[in-house]
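# Summary of structural features
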Amino acid sequence: MASLINCPHCGVRPREEFTIRGDAGPVRPAPDADFGAWDAYVHLRDNVRGPMAEHWQHSGGCRRWLVVERDTFTHEVFAVVDAADYTRVPVAKPARARKAANPAGRRGGA
Amino acid sequence: MSFSRFSDGGLIDRSQRIGFSFDGRRFEGFAGDTLASALLANGQVLMGRSFKYHRPRGLLSGGASEPNALVTLGAGGLREPNLRASMVTLREGLSAESQNRWPSLGFDLGAVNSALSPFIGAGFYYKTFMWPAALWERLYEPVIRRAAGLGRASHAPDPQDYEKRWAHCDLLVIGSGPAGLTAALSAARAGARVILCDENARFGGRLIRDQVEIGDLDGPGFAAEVADELAANANVRLLAGTTVFGSYDSGVFGALERRDGASSGPAQRIWRIVARRAVLASGAEERPLVFGGNDRPGIMMASTMRGLIHAEAVRPGNHVGVFTTGASGHETARDLLARGLEVTLVDSRRDIPDAERAASRSARVLEDHMVADALGGKAVSAMEVIDRASGRRERINIDALATSGGWNPVVGLACQRGDKPDWDTNRGMFVPPAASDGLMAAGSAAGILDLEGCLDSGARAGAEAAAALGFKPKKTSIPTVREACGGSTGFATLWHVSEARGKAFVDFQNDVTVSDLGLAVREGYGHVELAKRYTTTGMATDQGKLSNVNAIGILAENRGLSPDRVGTTTFRPFYTPVSIGALAGEHRGAHYRPVRRSPLHGWAEKHGAVFIEAGAWMRASHFPRDGESSWKPACDRECVAVRAGVGISDASTLGKIDVTGKDAAQFLDLIYTGKISSLSVGKARYGLMLREDGLLMDDGTVSRFAEDHFVITTTTAAAGEVMAHMEFCAQALWPELDVRLVSVTDQWAQITVAGPQSRAVLVRIVDEDLSEEAMPFLAARPVRLHSGLAARLFRISFSGELAFELAVPARHGEAVADAILEAGRPYGITPYGLEALNVLRIEKGFITHAEIDGRTTPGDLGLGKMVSAKKPDFIGRVMLAREGLQRDDREQLVGLRPVRPDQTVLAGAHLLKPDTAPTMANDQGHITSACWSPNLGSHIALAMLRRGRARHGERLIAHDPLRGFESEVEVCAPVFWPAEEAQTVNTEMLTVEHPAVRPAPPAPHDLLDGLFTGQTGQATLVMGSETLVALVTGPAAKDRAVRRVAKAGDGICRPVQPGQVLVVGRSGESAEALVTRLAMPRGLSLCDLSDARVRLMLAGPEAAEILAVFCALDLASGSFKPGASAPVLLGHIPAQLTCVGAQTYEIMVFSTYGQDLAESLSRALRLAG
């Protein structure tokens, strides 16, 4: 995981200030959705190697829930947005396939 | 003749003699010596014994890579093993011990292993000690551990201080050799913020150990000139004695600063450096040559010998052999000859470049020769030289032998994030991967071995980094350079001398020989990662800094591949060993993690409480009286007192969350299983929260103070989890709802008064009608005390008695609790602690997280009725309906009584039907909570039992094999104390027969009392003045309005998150005056946190540096100006940091953490002083 995360509210902060929850992809189904949808929401997760969007809370700072789009392999962070904004305007899941090689330029931050 | 000291020259200060001891013998050295150089100068060439064969060993490479000269320093808690003698700066009184020898370094019985070596080659552990398995732990391991090994760690606590600190820079330069110095210089001259680290005590790297000329300066002179210029630049931080040990994501580096012998401050400091760019100028290690007996004391790297001559004036005897495959050997020969020593130089090459020949021209040079074997005992005495053309051997007596097999760039830090180094076939070395992530290698770390090239490559790298960050670097001109061999740097690759007769060591620290590697290949462990583990090459404290490349070369040879096909093992932090103490920093002992203290901590302490750790909290366990020898009699007495009369205890640690906003009720309906929106104002309700998978998360109470204002409580243990969960629901799941969550745990001292007499006691305190009609069960409302203090009163009970919880602002807690004690004295009021609380709740069958263990549903615990069947949605509703969570054969909560009341039952025991075997298949459930009930005169327990509710009356066995007992128990309902809450109102009690008691005004609490608070001129810590602190909240969309309102407080806006901004009142301002002045628009609300926060003020020129111990904000960059404010983590404690003026910071911290943080800040001030 990146050592630094750029909180949209607080700026660049060390990883220790954040707490991970997990995949931000699954959307909570409607209360009357079929059971399969609920089962998938609660239980089914991909073990992603590559780009992934995750819920993190800036628990040691503003306490806002964020969506961190990052590469689980290279540790590059692509974007960090407030979870409230992510819910309203779902960001397309990052489709860019990243190679194992390190990306050019600075990592971390955002 | 052995090693001694030249009578002149060197960089040592002969006027400063330093006494030290080695294995009990007294020696003398000079200022400027390392332990290694001082030992050599005293003729002590033998410095240690090897890991496996106990062979005599001496200094090999010096520096950080030294594999042999390992010593233990200090005694008791200060004992530190495995220190490289070459990295220990000599200081008066230093006492060093050699390692891995018995009975002494000179006479070591373990050396018998050498004779046994045919039996203990590579992999012998795996082949030999296989059976019988019973002997693994008792015999094999201890014996092997004792015979084979490094130094021993101390078991005593380390009394030294350690510290961790953040630092920020534009450019981090790792290593201060020629390339590092010019990189730092060119970036610093361009205006960049630079940090320059070097693991040695002096800056300069090879400049202070080689004989070179740069312009009209010598090496040390040039290094000093550059270091002086850097030191004078305010943008540059110079860290000597500091090893960068790790390169992490996002440009964060870890470095260890050793401060041996420093008179004040920490013994070691870990720097966490956030660098926008980094230049790796870590230099190159000279590659050892692998020939027979190449480990004998007195054999060392050619560059190491040069350095010892120039820097510490160590004389390596009279006649020195040099075995080289390149220029370095000739350079060493030149320097030995210049000092008047006799030199025999053996060069494996036939065509030695002219410049190299010129350097060593007065030595006897044997070209196209090799050293096949070195001979000698505790020191080298001769070398056997072989003519490559004829195979003829010649024995030559020598006092010391310098060897050079070329160079290995130190690439580790460039590869720790997963990149692999590249094999450069032309130059015969692994070079760093292409520059990436802002890290660029320069100088010999990049494979550039000549001095001029290093100076130039460093200057370019520094300028390039500065330019990339927007600075405008000027060209740094490099003066004319003169060095040995005219800068010739080539060398021939020679992986090992196959004509060797004796043991030829590849890895010195682990005693791995050429033949071990051959064996590994033959036995199928030829892959570089497997060979490492099979032979242990590249393991232990030096991690193969000298050996890895040779091992790869030899594996390549054996497998018929080129070295790049064999590849390297994985590079990981730490580059050199880092002590656990340094990594722990201040987080040990009482500060292992932050301690929260209840507002009633002092009150409980005053009344004799014994505290126990409960999560982050220190909680009162019991209040022993004279004659009570353990917690048990105190707990029994307290339990009886509550049931018979009245008791008082501290409930402040329960999580308390203030829930406001237009949609607060709707939100809580989604969070809890029950319907909260129907709760009347002034009432409380018990509530359950599920996880989304339908299992219980937590329980607590919900109280409604207004249509849009609730206060909920959580269990102490789950407070953090519940807050984060609710924030997730509010922010990520339903951001459209207007709901604002504020933790008010720290704001209130919550005092439980429980027992049949509790009402009679409280009427003396609370100026309200507390009758059954006015204050019925589950009433919750604001009240006033007789003293006029505003408080909140809840009629809720966790003991099953008539009980109240009185919440008062935290600072009033102690005075109010004392007043309640005073009011309760006629009724025999008794303070009770956590132990009694636990007994009381088990007697009533109330649940805690012993029962809410992540596997239980409300139904399992008999709380199925609390789950609304009507609400369309709440967290966990759908999944709770799963068949598996609704089946009636699930484990259900029951009570258990032992058939013999005096028979102990303990939580954790499993339940079995009588006469069944203790197997998983027969398991009926387990005991979750158990205690001795003094009120019932019996042990009692709560348990989860399969189909438990249908089995009341059945007898079972409580099986406890871990603690070794069984008891027969009878299943019953999970309620042992049958008495219903005393509903009959004793009207007599309501007539105030005793006068009202008014709590005294609170005494100001100085967190800094008795603590060191710094000194003027550096930084000082004081308590902030008493002012109102509150949180202005509003919908996130109205953040600008919220900020505007909050800024009106004292002129500074302290944002926490969108829609939540802290406001601080003016000194002496009343709450009413502040509210009036803020003139809040509709939709915003104010939550008083005056008692939930304390303010500490840190001021002075060093204030930012002190804060760097705690937080990662870049305070020095100028971006955190007066008026700036941010929520941060200080150490492990959340706080709001505000710059209130030049070099002046306000630290606003949760009040229950206040004491802990004050102590930590005080410690940092002491270490800085």
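Just so it is clear, the structure is predicted and the values come from calculations on it, not from any experiment.

### Topic: the overall build of chain B
Counting its regular elements, chain B contains 30 helices and 63 strands. The principal-axis extent of the C-alpha atoms belonging to chain B is close to 115 × 75 × 55 Å. Within chain B, contacts between residues at least 6 apart in sequence are counted, and of these 67% link residues at least 24 apart. Counting only carbon and sulfur atoms, one obtains 52% of the accessible surface of chain B, whose full area is about 44,800 Å². Between the centroid of the 125 positive side chains of chain B and the centroid of its 133 negative side chains there is a distance of 2 Å.

### Describing the nonpolar core
Residues and elements named next belong to chain B. If you look at the biggest cluster of nonpolar residues, it comprises 47 residues, and the most contacted ones within it are Phe-20, Leu-35, Leu-40, Val-71, Met-305 and Leu-336. Counting contributing residues, this core receives three or more from each of domain 1 (15-128) and domain 3 (286-408 + 490-566). Apart from the residues within four sequence positions on either side, Leu-336 is in contact with Met-305, Ile-309, Pro-316, Val-320, Val-322, Leu-341 and Val-343. The next biggest cluster of nonpolar side chains, apart from the first, holds 42 residues, and it includes Ile-676, Met-689, Val-722 and Trp-734.

### Structural notes on the interface of chain B and chain A
Facing the 45 residues of chain B at the interface are 39 residues of chain A. Between chain B and chain A, a total of about 3,600 Å² is buried, with carbon and sulfur atoms accounting for 54% of that surface. The interface formed by chain B and chain A includes four salt bridges. The salt bridge partner of Arg28(A) is Asp873(B), with a shortest N-O separation of 2.9 Å. There are 18 residue pairs in polar contact (both at pLDDT 80 or more) connecting chain B and chain A. Of all elements in the fold, only strand E16 (268-280), helix H20 (719-733), helix H24 (877-880), strand E57 (1054-1057) and strand E61 (1125-1130) of chain B reach the threshold of two or more residues within the side of chain B that touches chain A. Tallying contributions element by element places H20(B) first for the side of chain B that touches chain A, with seven residues.

### Re H20(B)
The end-to-end C-alpha distance of H20(B) is 20 Å, a good match for the 21 Å that 15 residues give at a rise of 1.5 Å each. The buried fraction of H20(B) is high, at 13 of 15 residues.

### A few points about the pattern of salt bridges
Enumeration over the complete set of coordinates arrives at 80 salt bridges over all chains. For the salt bridge of Arg70(A) with Glu54(A), the shortest nitrogen-to-oxygen distance reads 2.6 Å. Residue Arg70(A) is located in strand E5 (residues 65-71), and its partner Glu54(A) is located in strand E4 (residues 51-57); the two are separated by 16 residues in the primary sequence. Assigned by exposure class, Arg70(A) and Glu54(A) land together as buried. Asp860(B) is the salt-bridge partner of Arg890(B), the closest N and O atoms lying 2.7 Å from each other. Within this pair, whereas Arg890(B) is found in the loop between helix H25 (883-886) and strand E48 (891-898), its partner Asp860(B) is found in the loop between helix H23 (834-844) and H24, the two being separated by 30 residues in sequence. Owing to a relative accessible area of 17%, Arg890(B) belongs among the buried residues under this scheme. Here the salt bridges do not stand alone but share partners, grouping Glu163(B), Arg165(B), Arg237(B), Glu257(B), Arg259(B), Arg269(B) and Glu1105(B) into one network.

### Some details on the sheet that holds strand E2 (residues 13-22) of chain B
Residues and elements named next belong to chain B. Strand order in the open sheet formed by five strands is E3-E2-E8-E6-E7, with mixed pairing between adjacent strands. The open sheet has two edge strands with one neighbour each: strand E3 (25-31) and strand E7 (80-84). Strand-to-strand twist in this sheet, taken as the mean axis angle between neighbours without regard to direction, amounts to 40 degrees. With three bridges connecting them, E2 and strand E8 (residues 94-98) associate as parallel partners. The residue bridging Phe-22 from the neighbouring strand is Ala-96, located in E8.

### Notes on the sheet that holds strand E55 (residues 1019-1023) of chain B
Reading across the sheet, the six strands line up as E54-E55-E60-E63-E62-E61 (chain B) and stay open at both edges, with antiparallel pairing between neighbours. Edge positions in the sheet fall to strand E54 (1014-1015) and E61 of chain B, since each has one partner strand and no second.

### Notes on a nonpolar patch on the surface
Residues and elements named next belong to chain B. Taken together, the side chains of Trp-102, Phe-107 and Leu-109 present a nonpolar region at the surface, about 380 Å² in accessible area. Looking at the element boundaries, Trp-102 is found in the loop between E8 and helix H2 (112-115). Judged by relative accessible area, which is 57%, Trp-102 ranks as exposed.

### A closer look at the packing of helix H7 (residues 302-312) of chain B against helix H8 (residues 327-338) of chain B
All names here are of chain B. The contact between H7 and H8 brings their axes to 9 Å, and the two run at 25 degrees. It follows from the interaxial angle that H7 and H8 lie roughly parallel. Here H7 runs over H8; the crossing is left-handed. Contacts between H7 and H8 involve Ala-302, Ser-303, Met-305, Arg-306, Ile-309 and His-310 from the former and Ser-328, Gly-329, Glu-331, Thr-332, Asp-335 and Leu-336 from the latter. The residue inventory of the contact of H7 with H8, partitioned by class, reads four nonpolar, five polar and three charged.

### Digging into the side chain of Thr325(B)
Residue and element names in this part refer to chain B. Mapping Thr-325 onto the fold places it in the loop between strand E20 (319-324) and H8. Owing to a relative accessible area of 0%, Thr-325 belongs among the buried residues under this scheme. When residues no more than four places from it in sequence are discounted, the contact partners of Thr-325 are Leu-289, Asp-347, Ser-348, Arg-349, Ser-404, Gly-405, Gly-406, Phe-491, Ala-492 and Leu-494.

### A look at unusual backbone geometry
Residues and elements named next belong to chain B. Between Pro-573 and the following residue, Phe-574, the backbone shows a cis peptide bond with an omega angle of 10 degrees. As for its position among the elements, Phe-574 is in the loop between helix H15 (563-566) and helix H16 (580-584). Non-glycine residue Asn-82 carries a positive phi angle of around 60 degrees. Using a relative accessible area of 19% as the deciding quantity, one classes Asn-82 as buried. Backbone geometry at Ala-1079 places phi at a positive 45 degrees, although glycine is not the residue there. Secondary-structure assignment places Ala-1079 in the loop between helix H28 (1071-1078) and strand E59 (1085-1088).

Calculation criteria
Residues numbered from 1 in each chain as written. Chains lettered and ligands numbered in written order. Predicted model: local features only at pLDDT ≥ 70, side-chain atom pairs only at ≥ 80, totals over all residues. Heavy atoms only, no water. Helix = DSSP H or I, 4+ residues; strand = E, 2+ residues; numbered from the N terminus. Contact = heavy atoms within 4.5 Å. Areas by Shrake-Rupley, 256 points an atom, 1.4 Å probe, with all protein chains shown as cover. Lys, Arg positive; Asp, Glu negative; His and termini not counted. Charge placed at Lys NZ, Arg CZ, Asp CG, Glu CD. Core = buried A, V, L, I, M, F, W, Y, C linked by side-chain atoms within 4.5 Å. Buried < 20%, exposed > 50% of the residue type's maximum accessible area, 1.4 Å probe, protein only. Domains from an automatic or database assignment. Buried area = accessible area lost by both parts, 1.4 Å probe. Salt bridge = Lys/Arg side-chain N within 4 Å of Asp/Glu carboxyl O. Polar contact = N/O pair within 3.5 Å; in protein donor to acceptor, adjacent residues only side chain to side chain. Expected span 1.5 Å × (residues − 1). Pairing = 2+ DSSP bridges. Axes fitted to C-alpha atoms, helices over the stretch in contact; angles between N-to-C directions. Patch = residues over 30% accessible without salt bridge, like charges linked within 9 Å, V, L, I, M, F, W, Y side chains within 5 Å. Parallel < 35°, antiparallel > 145°, perpendicular 65-115°, else oblique. Left-handed = near helix turned anticlockwise from the far one by under 90°. Nonpolar A, V, L, I, M, F, W, Y, C, P; charged D, E, K, R; others polar.

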